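# Chain and residue survey
Okay, here's what each chain looks like letter by letter:
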Amino acid sequence: MRIALCEARTADPCPRPARISSEHARSGLFEGASGSEAAGKGHAAPAHARSAAQRLSEGRRGLNTSRIRMSIVTVQLGQCGNQIGQELFNAVCADVRGTHGLCSKKENESYRDACKERFFREEESEVPVARAVLVDMEPKVISQTLSIAARSGCWKYDDRSHFCQKQGSGNNWANGYSVHGPRHKEAIMNLVQKEAEKCDRLGGFFTIMSMAGGTGSGLGAFVTQCLRDAFPTSFILNHVIWPYGTGEVIVQNYNSVLTLSHLYQSSDALLVHENDVIHKICAQLMNMKQISFRDVNQVIAHQLGSVFQPSYTAEGGSRYSRNPLGDLMETLVPHPEFKMLGLRNIPQMPENSLAYSTFSWPGLLKHLRQMLIANAQMEEGIDWQVRPPRPGFSIPSSHPTNKPLHFNTSIANLVILRGKDTHSIDLGSFRDPSLYTSWLNPQDAFNAWKTPRAFNKYEKSASLVSNSQFLLKPLDNIVGKAWNMFASKFFTDFQCLIHFPTVLSTPRAYIHQYTKFGIEEEDFLDSFTALEQVISSYTLL
């Protein structure tokens, strides 16, 4: 197989797997149809690939959802997942207990009740218990996480809802996926089942995991598949931490490619945070000098809380969202081919600067819209020269790069506004048809959620969750790096056989670390091919 591959690549020793052509990708799938319509036109999707709208419809059958408040079970995987999960529950609990709501007492009580039902359950001790399952292959982080939560006095984890072992995954995706996953599947899924049964109505699962290591990525991908099999109609949102570009682990690009390709099969959506971006926010916006992992995790937790805390999903609504994951998916994932969600949040600044700062909704939204258009990672350093395509400006499908420089095309966007005077805000600029792909109605592609209740001491704050080309460049980069590492093995083996036929093999660019746990070269090729198609689909927007 390796020889055949190399012989076919003499002109270019390491090209990446070919992407499906624009004609094939679009034929009968997107033309003139919304995602849910397209999925029904001769393209029956398997159970794991159904659109969020289809899954929401299934979950709602026979239910009066206006009276049912649905809960989220968080599954924290690996060191990164457990540390971020703990910071998220801290942020949510601090927000609920805070006196900075800047709204009526009735509004505040309604907000607190919705939040508690969403993330916590009550026990006899009256200390809220997080609806969470903690999983790691080493005991240290879980022990620390349980202890920190208990010492807070505000909330705690259930002492019986965690699973750990004494030996980690060694930063090896295959070890987590092929060894630890099958070996501990029954124990982990029993914990998940018990936590799900404690919900009056289960809304879905929110998993938190890293892509770079072994447990969070490999075991996380395995557990996500198990969740899909065990709860076929429940929503699964994977929160994925993108590794630092400079490298945390030598094989992080392999781990990332395998993680993303497997999650794409099982998850309803992937909400991504890039470590490099959050680090930059800590340094430039939060004015931190010595940035720790905890600092990074707290910024991530704040951004997640700005999305998942209760808000009104309908204009003029009087009840908070009853099914937060379902509403999020229905709003942002119109077709299972497009599952990559990015998150932007403004303003972000040190707490001691808040008292000296004032914000206006027009100013915040002007910055947020330009961050969307120019694919800016934060409000500092936005490229204001980037503009949407002119009305009537058409781009040949074979030349997607002819778009205005750096313009970020969207499939769907959700803006969440928190604070006073949200009822009077004009959001028409986010409904501009030029921001969106041509195969979706802009009126369906944009939604806004609002609440007069302030969040985390910010008098006014805005979050943008976007299914767009936000993540196209980092995805292309990580796949390219992994492919170059992988393909160098094929080329070296081919050269070796030609020039040194008595030598049986050359160094395998770390592939042997995966094959010894059952992940073969064909599995890598399948993952590369799957992600190349994701890249192609987003490129063609």
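Residues numbered from 1 in each chain as written. Predicted model: local features only at pLDDT ≥ 70, side-chain atom pairs only at ≥ 80, totals over all residues. Heavy atoms only, no water.

This next bit is on the overall build of the protein chain. Within the protein chain, the regular secondary structure consists of 18 helices and 12 strands. Counting every position in the protein chain, which comprises 541 residues, the buried fraction comes to 57%. Summarising the internal contacts of the protein chain: among those between residues at least 6 apart in sequence, 81% fall at separations of at least 24. Per element, the accessible surface of the protein chain, about 22,700 Å² overall, is 50% carbon and sulfur. (Helix = DSSP H or I, 4+ residues; strand = E, 2+ residues; numbered from the N terminus. Buried < 20%, exposed > 50% of the residue type's maximum accessible area, 1.4 Å probe, protein only. Contact = heavy atoms within 4.5 Å. Areas by Shrake-Rupley, 256 points an atom, 1.4 Å probe, with all protein chains shown as cover.)

Below, the discussion takes up the pairing of strand β12 (residues 460-468). Most of β12 sits inside the fold, with nine of its nine residues counted as buried. Here β12 shows a buried face lined by Lys-460, Ala-462, Leu-464, Ser-466 and Ser-468 and a second buried face lined by Ser-461, Ser-463, Val-465 and Asn-467. Pairing of strand β9 (residues 340-346) with β12 involves five bridges; the strand directions are antiparallel. Following the sheet pairing, Gly-342 is matched in β12 by Ser-466. Where strand β10 (residues 410-419) and β12 come together, nine bridges link them in antiparallel fashion. In the strand pairing of β12, Ile-416 is matched with Ser-463. (Pairing = 2+ DSSP bridges.)

Our next topic: helix α10 (residues 252-266). Taking 1.5 Å as the rise per residue, α10 with 15 residues should run 21 Å; its terminal C-alpha atoms sit 21 Å apart, in good agreement. Where burial is concerned, most of α10 is hidden: 14 out of the 15 residues are buried. (Expected span 1.5 Å × (residues − 1).)

Before going further, it helps to spend a moment on unusual backbone geometry. Here the residue pair Ile-346 and Pro-347 is connected by a cis peptide bond, since its omega of -5° sits within 30 degrees of zero. Within the fold, Pro-347 resides in the loop between β9 and α14 (361-374). For Asn-287, which is not glycine, the phi torsion reads 55° and is therefore positive. Assignment of secondary structure puts Asn-287 in the loop between α11 (275-284) and α12 (293-308). Backbone geometry places Asn-456, a non-glycine residue, at a positive phi of 50°.

This part is about the packing of aromatic side chains. Tallied over the full model, the rule gives 22 aromatic pairs. Here the aromatic rings of Phe-89 and Trp-155 are separated by 5.4 Å at their centres, their planes lie at 35°, and the arrangement is tilted. In this pair, Phe-89 is assigned in helix α5 (residues 78-97) and Trp-155 in the loop between α7 (139-152) and β5 (162-164), connecting sequence segments 66 residues apart. Accessibility assignment for this pair places Phe-89 and Trp-155 in one class, buried. Residues Trp-483 and Phe-486 carry aromatic rings whose centres are separated by 5.6 Å and whose planes lie at 40° to one another, so their mutual orientation is tilted. One end of the pair is Trp-483 and the other is Phe-486, both in helix α16 (residues 472-499) and three residues apart, which spans about a single turn. When sorted by exposure, Trp-483 lands in the same class as Phe-486, which is buried. Here the aromatic residues Tyr-254, Trp-483, Phe-486, Tyr-514, Phe-524 and Phe-528 are joined through ring pairs into a cluster of three or more. Between Arg-344 and the ring centre of Phe-470, over which it is positioned, the NZ or CZ distance is 3.9 Å. Geometry around Trp-384 places Lys-366 over its ring, the cationic atom sitting 5.6 Å from the centre. (Phe/Tyr/Trp six-rings, centres within 6.5 Å; stacked < 30°, edge-to-face > 60°. Lys NZ or Arg CZ within 6 Å of the ring centre and 35° of its normal.)

Once that is clear, we can look at α5. Under the 1.5 Å per step criterion, the end-to-end length of α5 is 29 Å for 20 residues, consistent within 8% with the ideal 28 Å. With respect to burial, α5 is a largely interior element, 14 of its 20 residues being buried.

Here we come to the packing of α5 against helix α6 (residues 105-119). Axis separation between α5 and α6 bottoms out at 10 Å; the angle between their running directions is 155°. Relative to α6, α5 is oriented roughly antiparallel. Regarding α5 and α6, the two cross each other, and that crossing is left-handed. Where α5 abuts α6, its residues Phe-89, Val-92, Asp-95, Val-96 and Arg-97 lie against Tyr-111, Arg-112, Cys-115, Lys-116 and Phe-119. (Axes fitted to C-alpha atoms, helices over the stretch in contact; angles between N-to-C directions. Parallel < 35°, antiparallel > 145°, perpendicular 65-115°, else oblique. Left-handed = near helix turned anticlockwise from the far one by under 90°.)

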